[in-house]
Amino acid sequence: MAEALSAIHVTKSFPGVKALEDVSLELHAGEVHALIGENGAGKSTLISILAGATRPDSGEVKVAGHAVAFDSPGTARRHGISTIFQELSLQPWLDVASNIVLSNEPSLKGARQLLSRRQAEHVAQLALDRLGARDFSARTLVANLTSAQRQLVEIARALAFGAPVIIMDEPTSSLPSRDASRLLEIVRQLRDEGTAILYVSHRLDEVKTIADRVTILRDGRNVRTELIDNLTTGQMIESMTGRRVDHLFPERSSHVGEVVFRAKNLTKKGAFHDVSFEVRSGEILGFAGLIGAGRSEVMRAIFGADRFDSGHIELDGKTISVHSPREAIAAGISYLPEDRKEQGLVLDLSSRENMVMAALPRFSALGLVRGRQVRSVTAAMGRKLGVKGDLNRPSLTLSGGNQQKVVIGKGLISHARLLIFDEPTRGIDVGAKYEIYALIHELAAQGVAIILVSSDLPEIMNVPHRVIVMSDGGMHGEFVHPELSEEAILSAAFSAFTREQGAA
Amino acid sequence: MTPPKSPSQISVVNRLQQLDLRQVGLPLVVILMIVFFTFKSDVFMTPGNFQNVGLQAAAIACVAFGQTFVILTAGLDLSVGATVALVSVVSAMVMNDRGPFVGIVVGLLAGVAVGLVNGLVITRLRVAPFIATLAMLSIVSGVALNLSGGTPVVGLPKSFTSLAYSRLLGIPVPLVLAIAVLILAYAVLRFTRLGRYIYSTGGNSQAARLSGINVRSTQLAAYIICAALAAIGGLILTARVASGQPTLGSDLALTSVAAVVLGGVSLFGGRGSVLGVAVGVVFVTVLANGLNLLGVSSYTQMMVIGVAMILAIAADEFISRKSRTRQNPS
Ligand SMILES: Nc1ncnc2c1ncn2[C@@H]1O[C@H](COP(=O)(O)OP(=O)(O)OP(=O)(O)O)[C@@H](O)[C@H]1O
Ligand SMILES: [Mg+2]
């Protein structure tokens, strides 16, 4: 098979970490090559080098067998390499079509500098249609899209570019399952047309179904490259982590106590309606549903980040009103948002400062921050969560998954009575996932009431005591462990839509 | 429960949202202001005053349109006033020697040179735009004062100075020039590759780079365009005052930024339109002119303009927050 793109003996260090050490990888035309590894293993760094966004300290990149010097992402694109970065790279104030054709704009005949808007919309629409993206158009402003929709735009961009090499860094991490399977379908088509695809994912089941070969990174080294059929999922996990992982989910504890939090008839026009539920101390309540079902909106409203129109909430039996996240935190409610980059972290601050940000009053006296106390608490939290990277450096320098761990650390340090996790394991590797579940259980055992919003079916099946399913802003079913079943949850999640179609 | 919206529905909704208060707000205020001044002053609605406002607006407009390019890339050019002064002095001196045409060309080149230096200092030496252009303001003013010896350059050719007062199709030539610049700026920002790159650089420069856009050349281009348009403004002012003035346009940095921001362009870059800026320019000039006619002192005018800026931006922030909670993208 023809070699499309390769990294040869690539090494890259950042201050304090060796992100890649002597890594080689060969990507062939017409193959899907999975790149897997724990958080911080160096996957995104390798991709960044292949995409021309980072320069390696040593080693080289070859395109179709010829060594090339990538001095910018623009150069890599001109060599036919299209990359979907882990952190989305769209222009919020341009519309979807302009984003899809950005830097590859179709121009009017005979005037290279003049753009053809019609052609741009046409190209964009073709790509969107191929992805089955129907709930927004080529003219929608990207700022108005949800993160899943933005991910689709990003993928559409790569499709429209029509490059012989496509690199995807966790493209499905924020996609609802329907869109994810559609994407896998397209990846397969592209491969059959001869495109070389490098595919990073933490979803090993996905890797198993889509990849032809897999390269496993651990601590910046290539530990093995193998035909996918020669590896079981267990072996992949073992190579990634360097140890055996037998259980993917910890045992549920059974100490469910008094009602801590109650929501009654929460309604917000256009977002959710009549949402009522309670959570007990020690209980983990799951919220399942499709992305966009209104779960995050409910949680943001409870947390005081958004308003709701009617209904009320109670904490420890007393009705409370929270008008801002600050009041919510003071009352004992913490929320770990799904979108860590926009809502969870100040990327330029150190991970240490990020972790204690919501709990500063506890760590200060007379307005001065107690540095030593902050250091010891955050260091302990970092160890507990297994954060790989320097806590004293800006969170920006952490790998995606490790940033997520910092967000979780921030929630844990806040000493809340009610902790809301919104998609806490998105982009988290298998080993760390287990640790995060274990932490959630440990918190529950300490009497904290926990809400877990998740679109990950195995997670929603195996972590919570009880699951509420939302669909199109309403509650559409409640299931108690051990009566949880995938079919029941899925059909409830789709129920608002199936009913509508039945009526139409 | 609402059924999933179809794309056509969505784009209609979108367009309604884009055409929100922000876009009708300032024009509305301008109209109210014109009505107010018409009632309060006998002179305001006369052809003579119109000519006056038009001339005043023309120079400010050119500078503000240039400033728009820079601010759209999330930059800032505080040296536009100094550029105007330099262009004025240089073009006047050359003109007296070599005639109007050469004078104009050399003046424009002087402007472009300032923009080039601004752009290089910002993109190559990585000095923050605020500091870089503030320093350039000092340097360029110094050059202008040195060249002219601190006194106006007088005795400019009639064929040049009369341009300020001649008309094309009944419209003062400077205004025609400003309108041409507006159309050109609009077209560049809207229909060309460079325009997309300018918006992208300001909207999210990291994303722009990863998309394969050369962010630094884009910024460089924006500063050059800004200075070139400021130079046109400088030539208009020079013709009007019929001399090369080393202190010309000292308040233009403030006025141009005011017009750009009032016109709805985000100081964070990436959003806004030069059409809005045109309205901002009209606002600023009509306000100054009207207050002049009412006998309000220029000191008080400065206060009024400052307050207007704060109000406009606060209103903008208020409206965009409203529309954000209404759409609630989450
Ligand atoms: N700009 C940077 N400055 C300093 N360190 C960095 C920088 N970028 C990455 N690193 C470090 O390099 C290592 C590899 O990070 P990388 O982002 O490649 O991991 P990853 O495999 O993509 O992880 P994830 O699955 O969490 O996305 C990490 O230890 C990270 O902290
Ligand atoms: Mg990564």
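Positions within a chain are numbered from 1, following the residues in the order the chain's sequence is written. Here chains are named by letter from A upward and ligands by number from 1 upward, in the order in which they appear as written. Local features in a predicted model are, by the rule used here, given only for residues with pLDDT of at least 70; side-chain atom pairs are given and counted only at 80 or more, and totals for whole chains, interfaces and linings are based on all residues. Only hydrogens and water are set aside; all other atoms, that is, all heavy atoms of the structure, feed into the side-chain values.

Considerations on the nonpolar core
- Phe-37, Phe-65, Phe-69, Leu-189, Val-277, Val-281 and Phe-283 of chain B are the most contacted members of the largest nonpolar core, which totals 67 residues.
- Put simply, DSSP H or I for four residues or longer makes a helix, DSSP E for two residues or longer makes a strand, and each gets a number counted from the N terminus. The dominant element in this core, judged by the number of residues it contributes, is helix 3 (residues 47–72) of chain B, at 14 residues.
- Contact between two residues is taken to exist if any of their heavy atoms lie within 4.5 Å; hydrogens are not considered. Leaving out residues up to four positions away in the same chain, Val-281 of chain B has contacts with Ala-57, Ile-60, Ala-61, Ala-64 and Ala-259 of chain B.
- Residues enter a nonpolar core if they are buried and are Ala, Val, Leu, Ile, Met, Phe, Trp, Tyr or Cys, with the set joined through side-chain atoms within 4.5 Å. Buried, partly exposed and exposed residues are distinguished by accessible area as a fraction of the type maximum, computed with a 1.4 Å probe on protein chains only: under 20%, between the cut-offs, and over 50%, respectively. Among the nonpolar cores identified, the runner-up in size contains 47 residues, and Ala-127, Phe-136, Ile-166 and Ala-211 of chain A belong to it.

Comments concerning the pattern of salt bridges
- Salt bridges are defined by distance alone: a side-chain nitrogen of Lys or Arg within 4 Å of a carboxyl oxygen of Asp or Glu. Following the criterion strictly, the structure yields 25 salt bridges over all chains and no others.
- We note a salt bridge from Glu-31 of chain A to Arg-213 of chain A, for which the minimum N-O separation is 2.8 Å. Here the residue Glu-31 of chain A occupies a position in the loop between strand 2 (17–28) and strand 3 (32–37), and Arg-213 of chain A occupies one in strand 11 (residues 213–218), the gap between them amounting to 182 residues.
- Take Glu-31 of chain A: its relative accessible area is 3%, and that puts it in the buried class.
- Two residues, Glu-105 of chain A and Arg-193 of chain B, come together in a salt bridge whose shortest N-O distance is 3.7 Å. Taken together, the residues Glu-105 of chain A in the loop between helix 3 (96–101) and strand 7 (107–108) and Arg-193 of chain B in helix 9 (residues 193–203) connect one chain to another.

Observations concerning helix 12 (residues 252–262) of chain B
Residue and element names in this part refer to chain B.
- Counted residue by residue, helix 12 has 10 buried out of 11 residues, so it is predominantly covered.
- Three or more residues of helix 12 are buried, namely Leu-252, Ala-253, Thr-255, Ser-256, Val-257, Ala-258, Ala-259, Val-260, Val-261 and Leu-262.
- Phi for Gly-264, located one or two positions after helix 12, is positive at around 90°.

Quick look at the domain arrangement of chain A
Residues and elements named next belong to chain A.
- The domain boundaries assigned to chain A delineate domain 1 (3–241), domain 2 (255–332 + 416–504) and domain 3 (343–415).
- Contacts between the two partners involve 18 residues from domain 2, matched on the other side by 13 residues from domain 3.
- Put simply, buried area is the surface a 1.4 Å probe can reach on two separate parts but cannot reach once they are joined, added for both. Taken together, both faces of the contact between domain 2 and domain 3 bury some 1100 Å²; the carbon and sulfur share is 64%.
- Among the residues of domain 2 in contact with domain 3, Ile-329, Ala-416 and Leu-439 are the three that bury the most area, contributing 35% of the side total.
- Counting every contact that joins domain 2 to domain 3 gives one salt bridge.
- Put simply, Glu-442 and Lys-384 hold a salt bridge, and the shortest N to O gap is 3.3 Å.
- Polar contacts here mean pairs of N or O atoms no more than 3.5 Å apart (in protein, one a potential hydrogen donor and the other a potential acceptor; neighbouring residues in sequence count only if both atoms are side-chain atoms). Scanning the region where domain 2 abuts domain 3 turns up three residue pairs in polar contact (both at pLDDT 80 or more).
- Looking at the side of domain 2 that touches domain 3, the elements with two or more residues in it are strand 21 (418–422) and helix 15 (430–445).
- In terms of residues, the side of domain 2 that touches domain 3 owes the most to one element, helix 15, which gives six residues.
- Any residue that is not Ala, Val, Leu, Ile, Met, Phe, Trp, Tyr, Cys, Pro, Asp, Glu, Lys or Arg is counted as polar, Gly included; the first ten are nonpolar and the last four charged. When its residues are assigned to classes, the side of domain 2 that touches domain 3 shows 10 nonpolar, two polar and six charged. The split of the chain into domains comes from an automatic or database domain assignment.

Considering the side chain of Asp-429 of chain A
Residue and element names in this part refer to chain A.
- Checked against the element boundaries, Asp-429 lands in the loop between strand 21 and helix 15.
- Buried charge without a partner: Asp-429 forms no salt bridge, and the closest opposite charge is Lys-405, 4.8 Å away.
- Here the side chain of Asp-429 touches Asn-39 through a polar contact of 2.6 Å, landing on its backbone nitrogen.
- When sequence neighbours within four positions are dropped, the list of residues in contact with Asp-429 reads Gly-37, Glu-38, Asn-39, His-202 and Met-240. Under the counting rule used here, the positive set is Lys and Arg, the negative set is Asp and Glu, and His together with the chain ends is not counted.

Some words on the environment of Val-61 of chain A
All names here are of chain A.
- For Val-61, the location among the structural elements is in strand 4 (residues 58–63).
- Relative accessible area serves as the criterion here: at 5%, Val-61 is assigned to the buried category.
- C-alpha of Val-61 to C-alpha of Ser-24: the two residues are 37 residues apart in sequence and 9.5 Å apart in space.

Structural notes on the sheet that holds strand 12 (residues 221–227) of chain A
Residue and element names in this part refer to chain A.
- Pairing between strands is defined by DSSP: at least two bridges between them are needed. Spatial strand order, 6-9-10-3-11-12: six strands in an open sheet with mixed pairing. Of all the strands in the sheet, the pair left with one neighbour each is strand 6 (81–84) and strand 12. For this sheet, the mean inter-axis angle between neighbouring strands, taken without regard to orientation, is 15°.
- The pairing of strand 3 with strand 10 (residues 196–200) spans four bridges and is parallel. Pairing of Leu-35 across the sheet is with Val-200, part of strand 10.
- Across the sheet, helix 1 (residues 43–50) touches strand 3, strand 6, strand 9 (165–169), strand 10 and strand 11, and the angle it forms with strand 3 is around 135°.
- As a rule, the C-alpha atoms of each element are fitted with a line to give its axis, helices using only the stretch in contact, and angles between N-to-C directions run from 0 to 180 degrees. Lying on the sheet, helix 5 (residues 147–161) is in contact with strand 6 and strand 9; it crosses strand 6 at an angle near 175°.

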